[in-house]
Amino acid sequence: MKIMQLSIFAENKPGHLSAPCRLLAENGIDIRALTLADTQRYGILRLLVKEPDKALAVLKSAGHVVKTTEVLAVEVADQPGGLVKVLAALEGSSLNIEYVYAAPFGRGGKAVLIFRFDDPDKAVGHLRGAGITVLSGSELFGS
């Protein structure tokens, strides 16, 4: 149920976002979800792609600093309060959400949120125990 996310570190300067995105496009790698976090000097581009191993190799061979991280794709009701059910399932646990972002797609009236937990395996147990769907890579990417 864990999904590999790529994190690309770059200076926070004009044009530094386009280079890795162009490189992935040139290699036929589709970006399915992303988020960009920044500080004054550096940024972290976090990506979900269907072929993370290929993307990792392509980016590293071009000199990009890339790290992989395990994240969870969680389905929530696409309505006000959908996120609250997920958060309620975690109350009382020692789990920490390091960050979360939304994916630009869903299915059947559900939205997809991408979570980075300090303990993804423990998070899967808590979420499933509360009846929350944690998607696999094949469910997320359609193959």
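See above for the structure.
What counts, and at which threshold
- Residues numbered from 1 in each chain as written.
- Predicted model: local features only at pLDDT ≥ 70, side-chain atom pairs only at ≥ 80, totals over all residues.
- Heavy atoms only, no water.
- Helix = DSSP H or I, 4+ residues; strand = E, 2+ residues; numbered from the N terminus.
- Pairing = 2+ DSSP bridges.
- Core = buried A, V, L, I, M, F, W, Y, C linked by side-chain atoms within 4.5 Å.
- Buried < 20%, exposed > 50% of the residue type's maximum accessible area, 1.4 Å probe, protein only.
- Contact = heavy atoms within 4.5 Å.
- Salt bridge = Lys/Arg side-chain N within 4 Å of Asp/Glu carboxyl O.

Asker: Tell me about the environment of Gly 108, and name the residues and values.
Answerer: Inspection of the secondary structure puts Gly 108 in the loop between β5 (97-107) and β6 (110-117). Spatially, the C-alpha atoms of Gly 108 and Ala 77 are 9.3 Å apart, while their sequence positions differ by 31 residues.

Asker: I'd love a proper account of the pairing of β5, names of residues and values included.
Answerer: Residues in a regular strand project their side chains so that they alternate between the two faces of the sheet. Bridge count for β5 against β6 is seven bridges, and the pairing is antiparallel. Note on β6: the bridge partner recorded for Ile 97 is Phe 117. Hairpin remark: β5 followed by β6, antiparallel, with two residues in the connecting loop; positive phi at Gly 108, about 50 degrees.

Asker: Give a detailed account of the nonpolar core, specifying residues and quantitative values.
Answerer: By size, the foremost hydrophobic cluster in this structure holds 16 residues, and its most contacted members are Leu 72, Val 74, Val 86, Phe 117 and Leu 127. Of all the elements, β6 adds the most residues to this core, at four residues. Apart from the residues within four sequence positions on either side, Phe 117 is in contact with Leu 72, Leu 90, Asn 96, Ile 97, Glu 98, Ala 123 and Leu 127. Membership of the second largest hydrophobic core comes to 14 residues, among which are Leu 48, Ala 103, Val 112 and Phe 141.

Asker: A description of the pattern of salt bridges should follow, citing residues and the corresponding values.
Answerer: A complete count under the given rule lists four salt bridges for this structure. For Lys 2, the salt bridge goes to Glu 70, with nearest N and O atoms at 3.6 Å. Taken together, the residues Lys 2 in strand β1 (residues 2-11) and Glu 70 in strand β4 (residues 65-77) connect sequence positions 68 residues apart. Of the charged contacts, one joins Lys 2 and Asp 121 as a salt bridge, the two residues approaching to 2.9 Å between their closest N and O atoms. Residue Lys 2 is found in strand β1, and its partner Asp 121 is found in helix α4 (residues 120-129); the two are separated by 119 residues along the sequence. Under the relative-accessibility criterion, Lys 2 is labelled partly exposed at 33%. Put simply, Lys 2, Glu 70 and Asp 121 are held in one network by salt bridges that share partners.

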